[in-house]
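Residue-level listing of the chains:
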There are 2 protein chains.
Amino acid sequence: MSKTPKPEQPKKDKHGKGLKRRDDPPPLRELLRIPVGKPVDLTAYDADGKPGGPADKAAGAAATSALGPALAGLQERLYAASTAGDRRRLLLVLQGMDTSGKGGTVKHVIGHFNPSGCRIHAFKAPTPEEKAHPFLWRISKALPQPGEIGIFDRSHYEDVLIGRVRELAPADEIEERYAEIDRFERSLADDGVTVVKVFLHVSYEEQRTRLLERLDNPEKHWKFNPGDIEERALWPAYQEAYEIALERCASERAPWFLVPADRKWYRNWAISTLLLEHLAELDPQYPRGDFDVAECRRRLLAQ
Amino acid sequence: MSKTPKPEQPKKDKHGKGLKRRDDPPPLRELLRIPVGKPVDLTAYDADGKPGGPADKAAGAAATSALGPALAGLQERLYAASTAGDRRRLLLVLQGMDTSGKGGTVKHVIGHFNPSGCRIHAFKAPTPEEKAHPFLWRISKALPQPGEIGIFDRSHYEDVLIGRVRELAPADEIEERYAEIDRFERSLADDGVTVVKVFLHVSYEEQRTRLLERLDNPEKHWKFNPGDIEERALWPAYQEAYEIALERCASERAPWFLVPADRKWYRNWAISTLLLEHLAELDPQYPRGDFDVAECRRRLLAQ
């Protein structure tokens, strides 16, 4: 064995993550988290920004792609742990105006994961059966099971967004819902669900561009509905409804993250990174087998 | 413009598929389909074979990867068509002995698709509630919706496989199930479901190798259960139960395909190709928008 002293290596913890150094950038979750208990002014956030992100599209796409194996590895460990009774799971809630990229996020970010461990639900206008139940009823049915990664494309927040803007329920009932949502999300956290709520912040101008793209490409007509133009006319009311929801329902245990969404590559990178940070913190472990390996080997080789 | 005559190009139809030429290989579905109405002898099929497939692992992985964009494109068209009332969808049924690669198929093949259009269900031992219902009850609840790609990791066939081998129901009830399955699958076909049933044919020796790999790698212990060894001891009874199921439940409208599964790369290539052939035959179309594009453009630009 060589006795030559090795150059000093940066210290690593047991999972290979570098120990925090003074010049490490802050985690993205700190950069993007909406402060708890403070009024929210969406005009103060740049939809075209790329806080903490790579320099440009090419670098962003490469960085996102590079996160894939780590995301898939953590997902497998989360799932494996659930087979031994670990109840933890993650729920990604995606909200944002039309064209903000909820569907694109599922396609490009959730595509990193093994699809068998993902439980994805896109919430549409409630059915008559859903309307006959409390608004959280259909949400509860779509929650991820232990070990799974759940993804909500729209969610219970619709009931304080379009519900508020379109006055789909009496005002006092809408008011009540913020507290209900808060209680509901706390109960999820108590049950082992890491709730990651993402508001995809798209600008008014970028929305127009994206709607025009759908109109101009016949292969995207199926994504377009003239009703989208009427919704867009209510832009200020929706922005206000979002500000209220983001303020009242941001909590330490179920924070809101604002992801600038005018750049699709940044959106994909940022959400991939947020998921990675949360999964890494959970640090799920492969469970130890509770069987006699040598005995099992012997039996298999004798067969 | 140049007047130089171009070299003759192979003719293409409107979707860019080459027209059939005399020397085209037969579609993989013809190579792998189990003949209808004939006894099945699994020992006649080589689990290590690669019928119709690429020459080796590297070529196979490259070919499978190259199918990704076409699969994703067809899936998007299938989903888009459903938004205009097209009820068609595809259901991939995966069956095979332990370690035959059902989970690996979901990870590596279904990973080509947009996860939001996939409905994946892994059937485990039935719960008390499921046992209290007819065996097709839990199956019906997991079916894909129009436009979706459904994937069953195990299925209603378990009720004539482990059900038969372990005598989980009276013999006459098991006998009745083959006809019930046949009627059920016909009703699915009538409702627009393309049913693609795949038997992953793994050899006794390869199963031992894969079980030993799980034992030897602590990160795979969660996939191992000593009960797997007891199931393996019943190998001949399971092979017979498969032969009976494949014979009785192979129909023109819901055929069985036998995919040699000792080589994972061949399995991934073959199932990707089978899915592509079936989706290409469906040839789903982007629906035409039923709105006035010019009028919508004008309104958007005025906003």
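Scroll up for the structure.
This one's a predicted model, so the numbers in the text were calculated from it and none came from an experiment. (Residues numbered from 1 in each chain as written. Chains lettered and ligands numbered in written order. Predicted model: local features only at pLDDT ≥ 70, side-chain atom pairs only at ≥ 80, totals over all residues. Heavy atoms only, no water.)

S.K.: Can you explain the overall build of chain A? Please cite residues and give values.
M.R.: In terms of helices and strands, chain A carries 12 helices and five strands. Once the C-alpha set of chain A is aligned to its principal axes, its extents read approximately 75 × 45 × 45 Å. Counting only contacts in chain A whose residues sit at least 6 apart along the sequence, the fraction spanning at least 24 positions is 81%. Of the roughly 15,100 Å² of accessible surface on chain A, 51% is carried by carbon and sulfur atoms. The averaged location of the 47 negative side-chain charges in chain A is 7 Å from the averaged location of its 47 positive side-chain charges. (Helix = DSSP H or I, 4+ residues; strand = E, 2+ residues; numbered from the N terminus. Contact = heavy atoms within 4.5 Å. Areas by Shrake-Rupley, 256 points an atom, 1.4 Å probe, with all protein chains shown as cover. Lys, Arg positive; Asp, Glu negative; His and termini not counted. Charge placed at Lys NZ, Arg CZ, Asp CG, Glu CD.)

S.K.: Hey, could you go over the interface of chain A and chain B for me, with residue numbers and the actual values?
M.R.: Facing 40 residues of chain A, the contacting portion of chain B comprises 40 residues. Buried surface at the junction of chain A and chain B, summed over both partners, amounts to about 4,000 Å²; 66% is from carbon and sulfur atoms. The interface formed by chain A and chain B includes six salt bridges. The partner of A:Lys107 in a salt bridge is B:Glu76, with the nearest N and O atoms 3.8 Å apart. (Buried area = accessible area lost by both parts, 1.4 Å probe. Salt bridge = Lys/Arg side-chain N within 4 Å of Asp/Glu carboxyl O.)

S.K.: So what's going on with the sheet that holds strand β1 (residues 89-96) of chain A? Which residues, and what values?
M.R.: All names here are of chain A. If you walk across this open sheet you meet the five strands as β2-β3-β1-β4-β5, and the pairing is parallel. The two strands at the open ends of the sheet, each matched to only one other strand, are β2 (118-122) and β5 (256-260). The average angle at which neighbouring strand axes cross in this sheet is 20 degrees, direction not considered. On top of the sheet, helix α10 (residues 235-248) reaches β1, β4 (193-201) and β5; it is set at about 155 degrees to β4, its chief contact. (Pairing = 2+ DSSP bridges. Axes fitted to C-alpha atoms, helices over the stretch in contact; angles between N-to-C directions.)

S.K.: Just give me the short version of the packing of aromatic side chains, but keep the residues and values in it.
M.R.: Inspection of the entire model under this criterion finds 16 aromatic pairs over all chains. Judged by centre distance (5.9 Å) and plane angle (70 degrees), the ring pair of A:Trp222 and B:Tyr79 falls under edge-to-face. On the criterion of chain membership, the pair formed by A:Trp222 in the loop between α8 (204-216) and α9 (227-233) and B:Tyr79 in helix α2 (residues 57-82) is interchain, its members lying in two chains. Residue classification places B:Tyr79 among the partly exposed residues on the basis of a relative accessible area of 29%. A centroid spacing of 5.7 Å and a plane angle of 40 degrees characterise the contact between A:Tyr266 and A:Trp269, whose relative ring orientation is tilted. In this pair, A:Tyr266 and A:Trp269 both sit in helix α11 (residues 264-282), three residues apart, roughly one turn of the helix. No difference in accessibility class separates A:Tyr266 from A:Trp269, as the two residues are buried. (Phe/Tyr/Trp six-rings, centres within 6.5 Å; stacked < 30°, edge-to-face > 60°. Buried < 20%, exposed > 50% of the residue type's maximum accessible area, 1.4 Å probe, protein only.)

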